[in-house]
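Summary of structural features
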Amino acid sequence: METMRAQRLQPGVGTGGRGTLRALRPGVTGHTQGYGRVNVVEALQEFWQMKQSRGADLKNGALVVYEMVPSNSPPYVCYVTLPGGSCFGSFQFCPTKAEARRSAAKIALMNSVFNEHPSRRITDEFIEKSVSEALASFNGNREEADNPNTGIGAFRFMLESNKGKSMLEFQVRFRLLPWL
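Because the structure is a prediction, the values reported are computed rather than measured.

Considerations on the overall build of the protein
- From N to C terminus, the protein includes 8 helices and 5 strands.
- Listing the helices and strands of the protein from first to last along the sequence gives α-α-β-β-α-β-β-β-α-α-α-α-α.
- Considering the protein as a whole, with its 180 residues, one finds that 34% of them fall into the buried category.
- Within the protein, residue pairs in contact and separated by at least 24 positions form 40% of the contacts whose partners lie at least 6 positions apart.
- By element, 55% of the accessible surface of the protein is carried by carbon and sulfur atoms, the whole surface being about 11000 Å².

Here it is as structure tokens:
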């Protein structure tokens, strides 16, 4: 099982040999420990530093923040907050604090890389398809989609105002709206 997990983290394994991780972020795969295993804590930090160096608007810089849930015994739980605002927690039983940190970093790195894929960007085509699906689901008409005072019109407006961003960035912003 451990070998299988390590293989899933290797570039190109489990992706039909296409090397998704390497293709999306060359350099992230340079951090390994031991026999080809990715050091996810370092890789996650480097991912966000590369993102910042390529012009990403990160208000607090590329700092990745880890927080441990206070505990004197296993299982240990860790949360990682990314510069974009997303937060991920350790997702498996962690017998050590270091393992909890790696677990949180692993899920955060997978989500970060996945959301960099061009298919996860909000484009004109994506907006048209999403609005059309919403109209079909609610038996709406095209006029509703152009009126920002309707639910579907507001949905379209929100998508258009986030054009070019990833779905993760959109979801984080959308979730924070009630607190603004």
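As for helix α7 (residues 151–161)
- Inspection of α7 places Ile152, Gly153, Arg156 and Leu159 among the buried residues, and these make up the whole buried set. Projected down its long axis, α7 carries its buried residues within an arc of 125°, all on one side. The outward face of α7, more than 90 degrees from its buried face, is lined by the exposed residues Gly151 and Phe157.

A closer look at unusual backbone geometry
- Cis rather than trans, the peptide bond between Pro74 and Pro75 has omega equal to 0°.
- Within the secondary structure, Pro75 sits in the loop between β3 (65–68) and β4 (78–81).
- Positive phi outside glycine occurs at Asn139, with the angle close to 50°.
- Structurally, Asn139 can be placed in the loop between α5 (124–137) and α6 (142–146).
- The class of Asn139 is exposed, set by a relative accessible area of 73%.

Structural notes on the sheet that holds strand β5 (residues 87–89)
- The strand order across the open sheet built from 3 strands is β3-β4-β5, with neighbouring strands paired in antiparallel fashion. This sheet does not close on itself; its edge strands, each paired only once, are β3 and β5. The mean inter-strand angle of the sheet, taken between neighbouring strand axes irrespective of direction, is 20°.
- As judged from the 4 bridges shared by β3 and β4, these two strands associate in the antiparallel manner. Opposite Tyr66, over in β4, you have Val80 as the bridge partner.

Quick word on the pairing of β4
- Of the two faces of β4, only the one carrying Cys78 and Val80 is buried; Tyr79 and Thr81 on the other face are not.
- Of the strand pairs in this sheet, β4 and β5 are connected by 3 bridges, and their pairing is antiparallel. In the strand pairing of β5, Tyr79 is matched with Gly89.
- Joining the antiparallel neighbours β4 and β5 is a turn of 5 residues, in which Gly85 adopts a positive phi near 110°.

Regarding the nonpolar core
- Counting 23 residues, the largest nonpolar core has Leu44, Trp48, Val64, Tyr66, Val80, Leu82 and Leu109 as its most contacted members.
- Contributing elements (two or more residues each) for this core: α3 (40–53), β4 and α4 (97–114).
- With residues up to four places along the chain from it excluded, the contact list for Leu82 reads Leu44, Trp48, Val64, Phe88, Ala108 and Ser112.
- Listed in part, the 10 residues of the second largest apolar core include Ile127, Val131, Leu135 and Phe170.

Some details on the packing of α3 against α4
- Running from amino to carboxyl end, α3 crosses α4 at an angle of 40°, the nearest separation of the two axes being 8 Å. Here the hand of the crossing between α3 and α4 comes out left-handed. Of the residues in α4, those touching α3 at Val40, Val41, Ala43, Leu44, Phe47 and Trp48 are Arg101, Arg102, Ala105, Lys106, Ala108, Leu109, Ser112 and Val113.
- For the contact of α3 with α4, the residue count by class is 10 nonpolar, 1 polar and 3 charged.

Topic: the pattern of salt bridges
- Tallying each qualifying case throughout the model produces 6 salt bridges.
- Between Asp124 and Lys163 there is a salt bridge, with its nearest N and O atoms 2.7 Å apart. Within this pair, whereas Asp124 is found in helix α5, its partner Lys163 is found in the loop between α7 and α8 (167–176), the two being separated by 39 residues in sequence.
- The class for Asp124 is partly exposed, based on a relative accessible area of 45%.
- Residue classification places Lys163 among the partly exposed residues on the basis of a relative accessible area of 41%.
- Residues Arg156 and Glu160 are paired through a salt bridge, measuring 3.1 Å at the closest nitrogen-oxygen approach.

Rules used in this analysis
- Residues numbered from 1 in each chain as written.
- Predicted model: local features only at pLDDT ≥ 70, side-chain atom pairs only at ≥ 80, totals over all residues.
- Heavy atoms only, no water.
- Helix = DSSP H or I, 4+ residues; strand = E, 2+ residues; numbered from the N terminus.
- Buried < 20%, exposed > 50% of the residue type's maximum accessible area, 1.4 Å probe, protein only.
- Contact = heavy atoms within 4.5 Å.
- Areas by Shrake-Rupley, 256 points an atom, 1.4 Å probe, with all protein chains shown as cover.
- Arc of directions from axis to C-beta.
- Pairing = 2+ DSSP bridges.
- Axes fitted to C-alpha atoms, helices over the stretch in contact; angles between N-to-C directions.
- Core = buried A, V, L, I, M, F, W, Y, C linked by side-chain atoms within 4.5 Å.
- Left-handed = near helix turned anticlockwise from the far one by under 90°.
- Nonpolar A, V, L, I, M, F, W, Y, C, P; charged D, E, K, R; others polar.
- Salt bridge = Lys/Arg side-chain N within 4 Å of Asp/Glu carboxyl O.

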